[in-house]
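Descriptive structure summary
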Amino acid sequence: MTILSIRDLSVNYATQDGTVQAVDGVSLDLEEGQRLGLIGESGCGKTTLLKAIVQVLPRNGRIAGGKILFKGMDLLQLPAAEMRQLRWREIATIPQASMDSLNPVQRVGSQLTKLLRVRGGYSKKAALKRAADLFDLVGLDTERLSHYPHEFSGGMKQRAVIAMALALEPSLLIADEPVTALDVIVQHQILEVLRELEQELNLTVMLITHDISVVAQVCDSVSVMYAGRIVEQAAAEPFFSSPAHPYSLGLQQAFPNLARPRDVLVSIEGYPPDLREPPSGCRFAERCPFVQDACHDIDPKLEAIGDSRAAACLRSNEMDVLRVQSEDPSLWQRVEVAQGLAPTLDPSPKMREGLFASPAEAQRVHAPLAPLWGKEPGDGGGDVLVQLQNVSKRFKIGGGLAGLLRGDKEQTVYAVNNISFSLRRGESLGLAGESGCGKSTTGKLLVKLIDASDGEIIFDGADLAAMDDDSLLAFRSRVQLMFQNPFEALNPRFTLYRSLTEPLVIHGWKDENKRLDRVIETLDRVNLRPAEVFLDKYPHQLSGGQLQRVVLARALVLHPDFLVADEPVSMLDVSVRAGILNTTRRLARELGLATVYISHDLSLLQYTCDRIAIMYLGEIVEIGPSNQVINNPQHPYTKALIAAVPVPDPTIENPPLRIQEGVPRPTEQFIGCPFAQRCPDAMEACLTVRPPLITDENEHRAQCHLYGEHRDSPKLKRQLP
Amino acid sequence: MNRGVVYYILGRFLQSVMVLWIIVTLLFLLFRLAPSNPLASYIDTTFTKQQEAALLARFGLDKPLGEQYIIYLFNLLKLDLGETFSYSGKSVMDILRADLPNTIYLTLSSLLLAYLVGVLGGIAMAALRGSLLERVGTTFTLMTRAAPQFWVGMLLLTFFAFQLKLLPSSGIGPPMVRYRWETEWDKLMSPVFWRHMILPTFTLALYLHGLPLLLMRSNMLEVLDQDYVTMSRLAGYSEWRVMIQTAARNAMLPVLTALTLGIGYSIGGNVVIEHVFSWPGLGRTLVRAVQQADYPLAQGAFFFIALIIVFMNFIADILYSLLDPRVGATAQAQVS
Amino acid sequence: MQQESMAREGQSGKAKTTARFRQGSAIRQLWETNLEVFQRDKMALFGLFIFAVFAVVAILAPQIAPNDPLNPLKNNEGDWIKDAMPYWLAEPGEDEAEGYTNTFLLGTTNIGRDIFSQLIHGSRSALLVGFSAAAAVAVIGTVIGLLAGYYGGWVDTILMRAADVAFGIPFIPFIIVISAFFDPSIWNVVIAMALLLWRDTGRVIRSQVLVIKEQAFVSAAHVSGASDLRIIFVYIAPSILPLSFLYGSFAIAWAILTEASVSFLGFSDPETISWGYMLQDAFNSLALSREAFYWIVPPGLCIMLTVMAGFFIGRGYEEVLFPRLRRM
């Protein structure tokens, strides 16, 4: 039976600058029991489609045409009161940012029972019973019913929202980005819950996401949206094995994949068209590597191209050939290169003083980079630039005069605990781990935003703790930080020129013309061309991807030796992520930069880094060459992290996780192994004895009892999820 | 109640005591170091040296400053505020004790009226956002906040008391009746008293309703933007439930805190209204005491008002931590 | 299309670009925020207009006022012209019978002073008190908020405890006591307000500084080697100054109201005419029972108008700074 059938639906938003056609002639069918994944980058109309279905469009939104048939009823003709009755009983929605969807001043249990009683007509007793059952179903302890939302972790809130969505046994569940912003391990567990429930309850699901790996794990069919239209529809397996639209091709190639790593990721350069005046031809033409003249004139319709597949592309009949061609990343970079001549520099100090390279070198730069990780440390990969020796960072919370007055006990948070590693010139290191593992604190220590409580950080021979004002200023000119959120990283009141020129002014560049030259050169180098155009813009006038390039430019404007990038792309759309990463990686090589990437995304670190360090509760539990750590993980925590990364391939099912979500707060120091509490392989020794540091011939180190003298210690008995 | 909340309350209490101590000290210094001699207006030229010294001794003004301060603090602890200059033989406490109930009646009745109107009005303004009615409503509220209270009182007095002769113009009762009330209960039961209360209450409420109204309006607008409100729409709750049960309930929390704070500040701020309506309360006594240079009385009234404000600030903090589980939790997290 | 225009701009010479982007200074940004407030919000512009009108009146008061505000007017026989009605209300011929010509727009007081002239002169103290108190409150509050928020630690503790104390002191009683102890002067009100009212501004600015301080662009400045002073003045202050203006505008309103209240209670300098003083005069001379609306209404209206002007401007800032509250 067809549950939902959308026919030729169009939704407009009235804005000050004209009408935006957010959804334009979309048709879609959802059969009972089907799990449809709706993919696309932000602003392509996915969420608008959802809002149109349940009719909660904002005031300026209007349905311009089409039909939405739910079990044969036309929702658009339904009176408001009946539509309201339909919501949640028939169509339940897990909204975007569902973490904030629970009322903060009401107990979660009473929110759930209120829903059951008001909307479901349950009696008080039955509602309590049902609420407990639902919590059981999504894997939450029923005691938690009496807790407030702030006492829940992110994953638990998400589970609670799922429980609420299932409360009235809806025939259709629509989930908008249900796992975005969750840690990998939590993400994995939520997806597992969703998958189990789908099977158990035979749910009909529409899942909206930008993350194709989530779709690969949970859905059986896929619709791809671009600029308000559906450009491809297919069952999951053929979609992932043989995508039939250039946009789908690009999305897949832009995604890092732990199972099948690539040398260079594809970046779909450019931005979706302005939907106030959509182009008359194909909407993807501007960004498409296979564009032909006809594409600009003819608007392709979504047409069947085989058994229950459809694509909207003029060249869909040539897709087998194009698919092979699309494997070549330089094809996708064509757009980027065409915008200007890519400059390049030799990492020698003389060249670093800012000379533009010859056009011919541009080609060399865009050739795939040879992976660096095969290089043995110490074989001429540069001398040691940064060295950390037993570094710790403790924070005190509570306490102080105010704390004394409030009766707060002082507490110590061991954010970073006795870590040591070194970094050579030109080398890149990735720091990974769940949130709260101390990776960002390490980043701040490295750039001396905060000072270490213990241990030494040596930068180019100088101890960070013992710097006078002059050497500190010199240090500041050589070390830079790149931030996660490009929208916050630039002063909203400064023009880009002002932002970029600030570091130069601080470091005594008096000559305005020289400053201007340097700023333009740097903008050019991060592929913002023509650079002059950007100088008088304010941050809000740029897109996220462009802004992150400006942030990179500011970090590089002083030609530093060392760059720390804290989650540099996690706020950006997948399609532009690769572009930023590629540029950063290329520039780091050109400038001989040592780089530390901080990310929760292992596949991204594998792509960008020579070495990876895995952190847990402030300690480095494993460190080594990237391919070694990913393909031959030693520490159980590393294994769990890798197992949790969803693979963008429906044929590969993620292995079940053996650890529980939830990083404890690091307020105590452990005698044994910090991970012992969550470790599936924990032994008795793990609780009492410090694990040994095991090193193999590749400088691949892990700190774990499994490989030491206590390997035969008796296993701890504990219940696993 | 868990340990965190208890600690939080205890800590806040200690803090309030310290704040009060500092205020009391400032008050002492202010009155002792004032440019003029505190007894100047009572010592006339006919006084002999002995009479003057006796007067100084009677009020303890002959002792060194440090000793005066210590005595002053101990007396405060016993709630002994000394003797008045101008009402011979009466202690400051006697006078304030008679004033305090009148001030409290006026404050509470006008605050309740103001917050009732303000909260409902705020919800309505938020619901009517962007309409002509909203613009008229908020402009009217702004006008009531901009108009000086005593002026509004004067206009109402002129109109209702003098022109229409509907309501009494001053005091809490006609002079003959005033002293017949033997207990506060008698006073509260008397229709005469209530008739006298109408104009001052209404004037004060007219001024006070602006804060809760504007606060409620902006809180509502903020809460209506929150995801959990969207969620309850998505869940198919009726618009009434969304607006009242979810949004208004959450938007109320800061308004309740404002009400608690308002009790404190109104008691101090009623001065002008009490003066206009000759309402025998703390504020009018303070004004008179200052005018007549009756320093012990002025100091005592000031102390009393400050005590009430600090206490209500304390209550507001506690109330908020009890109403919003998140505040109590941060307090708890810092302890456990 | 956007790209095309970008490319075209790009070709224009370097000199031209330099001139344009140099203007992105903090001061210009601040100016633009202020401009935006008055462009977006017509009510704020109206508030500004009210202030402008009263300012002109205050400056030209001696020229505009037909009579001396303090000296009683006398009739032909040398008696005070007591309680004259405005000429448009008075019975015709009454003035001639009493031996004077009634040209009084708003009548006279019970001792024969010209009410209209008093009204004109009253604008002087209102604006003087309003603007100087507001400036003091905004400056003190901003500096304290900046210091407490940026430096934290014991600086923060001390300043915020001081704010707690200021919050515990009753405002009007404090001003009354201050006014009584010092020689009567409108500056008492200004000093008392400056001593107490920084508390709200200081707290709000502090919490705003705490937010801005943690933003990535400030960390970026740290990492680039910017000094504390540079961070405070170049990065943080421009972002919070509009907030100071917001609180400053509201402080103008409170100051005018407070000055009126204090004068009404009789603690102002009897040699300086203010609207509050006029109302006190009316109240004490039983103008209420004579239903002398022409005496009671105008000073109150003037107070209300100027106070509302402050509110309008403050709300204009609110709308730009906190768009959520926008009236749409």
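Residues numbered from 1 in each chain as written. Chains lettered and ligands numbered in written order. Predicted model: local features only at pLDDT ≥ 70, side-chain atom pairs only at ≥ 80, totals over all residues.

So, on to the overall build of chain B. Counting secondary structure elements, chain B contains 16 helices and zero strands. Every one of the 336 residues in chain B was classed for burial, and the buried ones make up 43%. Of the contacts made within chain B by residues no fewer than 6 positions apart, 74% connect residues no fewer than 24 positions apart. (Helix = DSSP H or I, 4+ residues; strand = E, 2+ residues; numbered from the N terminus. Buried ≥ 20, exposed ≤ 12 C-beta atoms within 10 Å, placed from the backbone. Contact = placed C-beta atoms within 7 Å.)

What follows concerns the overall build of chain C. Looking only at helices and strands, chain C features 15 helices and zero strands. Relative to its full complement of 328 residues, chain C shows a buried share of 51%. For chain C, contacts bridging at least 24 residues in sequence account for 74% of all contacts bridging at least 6.

Here we come to the interface of chain C and chain B. Interfaces are often described in size by the accessible area the parts lose on coming together. Taken together, the contact pairs 37 residues of chain C with 41 residues of chain B. Contributions of two or more residues to the side of chain C that touches chain B are made by α8 (153–168), α9 (171–181), α13 (228–264), α14 (275–284) and α15 (293–321) of chain C. At eight residues, α15(C) tops the list of elements feeding residues into the side of chain C that touches chain B. Across the side of chain C that touches chain B, the residue classes tally to 29 nonpolar, four polar and four charged. (Nonpolar A, V, L, I, M, F, W, Y, C, P; charged D, E, K, R; others polar.)

As a further point, take the confidence of the model for chain B. Residues and elements named next belong to chain B. Mean pLDDT over chain B stands at 82; residues scoring 70 or higher make up 87%. Mean pLDDT values over the elements of chain B span from 47, in helix α16 (residues 325–335), up to 91, in helix α4 (residues 92–127). Contacts of residues 328–336 to residues separated by more than four positions or lying in other chains number 23 contacts, the stretch itself having pLDDT below 50. (pLDDT = per-residue confidence, 0-100.)

As a further point, take the nonpolar core. In terms of nonpolar packing, the biggest core is built from 398 residues, with Ile614(A), Ala133(C), Ile176(C) and Ala251(C) touching the most fellow members. Apart from the residues lying within four places of it in its own chain, the contact partners of Ile176(C) are Leu286(B), Val287(B), Val290(B), Val262(C), Leu265(C) and Phe267(C). (Core = buried A, V, L, I, M, F, W, Y, C linked by C-beta atoms within 7 Å.)

Below, the discussion takes up the environment of Val105(A). Looking at where Val105(A) falls in the secondary structure, it is placed in the loop between β6 (91–94) and α3 (108–120). Among the residues examined, Val105(A) registers 18 C-beta atoms within 10 Å and is labelled partly exposed. Non-local contacts of Val105(A), meaning those with residues more than four positions away in its chain, are made with Asn250(B), Asp324(B) and Pro325(B).

All names here are of chain C. Taken across its ten residues, α14 has nine buried, putting it largely inside the fold. When α14 is considered as a whole, its buried residues turn out to be Trp 275, Gly 276, Tyr 277, Met 278, Leu 279, Gln 280, Asp 281, Ala 282 and Phe 283. A positive backbone phi angle near 60 degrees is found at Leu 286, which sits one or two residues after α14.

Let us now look at α9(C). Counting buried positions along α9(C) yields ten of eleven residues, so the element is predominantly enclosed. All of the buried residues along α9(C) are Phe171(C), Ile172(C), Pro173(C), Phe174(C), Ile175(C), Ile176(C), Val177(C), Ile178(C), Ser179(C) and Ala180(C).

In this section: the packing of helix α7 (residues 115–151) of chain C against helix α10 (residues 186–196) of chain C. Residues and elements named next belong to chain C. Running from N to C, α7 and α10 cross one another at 20 degrees; their axes reach a closest spacing of 9 Å. Taken together, the axis directions place α7 and α10 in an arrangement best described as roughly parallel. Here α7 and α10 pass one another in a crossing that is right-handed. Each of Ser 125, Leu 128, Val 129, Ser 132, Ala 133, Ala 136, Val 137 and Ile 140 in α7 lies in contact with α10, whose residues at this interface are Ile 186, Val 189, Val 190, Met 193 and Ala 194. Here the residues of the contact of α7 with α10 are counted per class, giving eleven nonpolar, two polar and no charged. (Axes fitted to C-alpha atoms, helices over the stretch in contact; angles between N-to-C directions. Parallel < 35°, antiparallel > 145°, perpendicular 65-115°, else oblique. Left-handed = near helix turned anticlockwise from the far one by under 90°.)

Residues and elements named next belong to chain A. One open sheet accounts for four strands, arranged β14-β13-β16-β17; its pairing is antiparallel. Looking along the sheet, the strands with just one partner apiece sit at the ends: β14 (411–424) and β17 (462–463). With ten bridges connecting them, strand β13 (residues 384–397) and β14 associate as antiparallel partners. Bridge pairing in β14 links Val 384 to Arg 424. (Pairing = 2+ DSSP bridges.)

So, on to the sheet that holds strand β1 (residues 2–15) of chain A. Residues and elements named next belong to chain A. What the four strands build is an open sheet, ordered β2-β1-β4-β5; its pairing is antiparallel. Either end of the sheet is taken by a strand with one partner, and the two such strands are β2 (18–31) and β5 (73–74). Here β1 pairs with strand β4 (residues 61–70) via eight bridges, running antiparallel. When the bridges of β4 are listed, Tyr 13 appears paired with Gly 61.

Residues and elements named next belong to chain B. One can describe the packing of helix α6 (residues 149–163) onto helix α9 (residues 191–208) by two numbers: an axis separation of 10 Å at closest approach and a directional angle of 140 degrees. For the element pair α6 / α9, the angle class is oblique. Relative to α9, the crossing made by α6 is right-handed. On α9, the residues that touch Gln 149, Val 152, Gly 153, Leu 156, Leu 157 and Phe 160 of α6 are Leu 199, Thr 203, Leu 204, Leu 206 and Tyr 207. A per-class count over the contact of α6 with α9 returns eight nonpolar, three polar and no charged.

We now examine unusual backbone geometry. All names here are of chain A. At Gln 55, a residue that is not glycine, the phi angle is positive and equals roughly 55 degrees. In this structure, Gln 55 sits in the loop between α1 (46–54) and β4. Among the residues examined, Gln 55 registers 19 C-beta atoms within 10 Å and is labelled partly exposed. Its identity is not glycine, yet Asn 202 carries a phi of approximately 45 degrees, on the positive side. Mapping Asn 202 onto the fold places it in the loop between α6 (184–201) and β8 (205–209).

Let us now look at the pairing of β13(A). Two strands pair when backbone bridges link them, and β13(A) and strand β16 (residues 454–459) of chain A are joined in this way by five bridges, in the antiparallel orientation. Looking across to β16(A), one finds that Gln387(A) is bridged to Ile458(A).

Another aspect to go through is the confidence of the model for chain C. Chain-level pLDDT for chain C is 81 on average; 89% of the residues reach the 70-or-more range. Below pLDDT 50 for its whole length, residues 1–24 of chain C participates in 22 contacts with residues either more than four positions away or in separate chains.

With that out of the way, let us pick up the pairing of strand β19 (residues 562–566) of chain A. All names here are of chain A. Across the five residues that make up β19, a large majority, five, are buried. Alternating residues of β19 divide into Phe 562, Val 564 and Asp 566 and Leu 563 and Ala 565, and every residue in both groups is buried. The sheet contact formed by β19 and strand β20 (residues 594–598) spans five bridges and is parallel. Within β20, the position partnered with Asp 566 by the bridge is Ile 598. Read as a crossover between parallel neighbours, the route from β19 over helix α21 (residues 574–591) to β20 is right-handed. (Right-handed = clockwise from strand over helix to strand, strands pointing away.)

A word on the environment of His600(A). All names here are of chain A. Position of His 600 relative to the elements: it lies in the loop between β20 and α22 (602–608). Judged by C-beta crowding, with 22 C-beta atoms within 10 Å, His 600 ranks as buried. Linking His 600 and Ile 614, residues 14 residues apart in sequence, is a C-alpha distance of 9.8 Å. When residues no more than four places from it in sequence are discounted, the contact partners of His 600 are Asp 183, Val 184, Ala 432, Glu 434 and Ser 435.

Along the chain, Phe311(C) turns up in helix α15. On the neighbour-count criterion, Phe311(C) (24 C-beta atoms within 10 Å) is buried. Counting along the chain gives 59 residues from Phe311(C) to Ile252(C), while the straight-line C-alpha distance between them is 8.6 Å. Not counting residues within four places of it along the chain, the set of residues in contact with Phe311(C) comprises Leu142(B), Ala146(B) and Ala253(C).

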